[in-house]
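# Structural overview
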Amino acid sequence: MAKTIDARGRSCPEPVIMTKNALDENPEESFDVLIDAEVAVENVTRFAKNSGYKVDIDEDKDYFILHIQK
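Everything in this summary refers to the structure shown in the same document. (Residues numbered from 1 in each chain as written. Predicted model: local features only at pLDDT ≥ 70, side-chain atom pairs only at ≥ 80, totals over all residues. Heavy atoms only, no water.)

## Considerations on the pairing of strand β3 (residues 54-59)
This is how it is decided: When DSSP locates at least two bridges between a pair of strands, those strands are taken to pair. Here a strand is any run of E in DSSP of at least two residues, a helix any run of H or I of at least four, and the numbering for each starts at the N terminus.
Relative to strand β4 (residues 64-69), β3 is paired through six bridges, and the arrangement is antiparallel. Following the sheet pairing, D56 is matched in β4 by H67. Between β3 and β4, which follow one another and run antiparallel, lie four residues.

## Topic: the sheet that holds β3
The line we're drawing: In this description, a line fitted to the C-alpha atoms serves as the axis of each element, helices being fitted only across the stretch in contact, and the angle between N-to-C directions of two axes falls anywhere from 0 to 180 degrees. Any two residues whose heavy atoms approach within 4.5 Å at even a single point are treated as in contact.
Here we have four strands laid out as an open sheet, ordered β1-β2-β4-β3, and mixed in their pairing. Each edge of the sheet is formed by a strand with only one pairing partner; in this case those strands are β1 (3-6) and β3. Neighbouring strand axes in the sheet, compared pairwise and without regard to direction, differ in orientation by 20 degrees on average. Strand direction decides the pairing type here: β1 and strand β2 (residues 31-35), joined by four bridges, are parallel. By the bridge assignment for β2, T4 is matched with D32. The sheet strands contacting helix α2 (residues 38-50) are β2, β3 and β4, and the helix crosses β4 at an angle near 5 degrees.

## Details of the packing of aromatic side chains
Quick note on the threshold: Geometry of aromatic contacts follows a simple scheme: Phe, Tyr and Trp rings, the Trp one being its six-membered ring, pair when their centres are within 6.5 Å, and the pair is stacked under 30 degrees between planes, edge-to-face over 60, tilted otherwise. We call a charge positioned over a ring when the NZ of a Lys or the CZ of an Arg lies within 6 Å of the ring centre and within 35 degrees of the ring normal.
Counted by the stated rule, this structure contains zero aromatic pairs. Positioned above the aromatic ring of Y53 is the side chain of K70, whose terminal nitrogen or guanidinium carbon lies 4.4 Å from the ring centre.

## Details of helix α1 (residues 14-25)
Because an α-helix completes one turn every 3.6 residues, residues spaced three or four positions apart along the sequence face the same direction. Which entries qualify depends on this criterion: The span one expects for a helix is its residue count, reduced by one, times 1.5 Å. Burial here depends on accessible area, computed with a 1.4 Å probe over protein chains only, as a share of the maximum for the residue type. Under 20% is buried, over 50% is exposed, and the range in between is partly exposed. What the arc describes is the spread of directions from the helix axis to the C-beta atoms.
Between its first and last C-alpha atoms α1 spans 16 Å; for 12 residues at 1.5 Å apiece the expected length is 16 Å, and the two agree. Every buried residue belonging to α1 is among P15, V16, T19, A22 and L23, and all of these are buried. For α1, the arc enclosing every buried residue in end-on projection is 125 degrees, short of the 170-degree limit, so these residues lie on one face. Along α1, exposed side chains directed more than 90 degrees from the buried face belong to D24 and E25.

## Notes on unusual backbone geometry
Put simply, C12 and P13 share a cis peptide bond, and its omega is 15 degrees. Relative to the elements of secondary structure, P13 occurs in the loop between β1 and α1.

The structure is reproduced here in structure tokens:
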């Protein structure tokens, strides 16, 4: 099961920093990031892709789920 980072309610750059910390801790591990702001979705997606990761995005009714994997 993938690790989940809950960044809902946090403003940038905090979701990006949380994602970076998770990538630094376990660079080969897949994980999900929960985000409720479109700007943060764009920023985290850009950061992850620039770091060599694949990002798939699902949308729940109140937030987004970013599936990040190597």
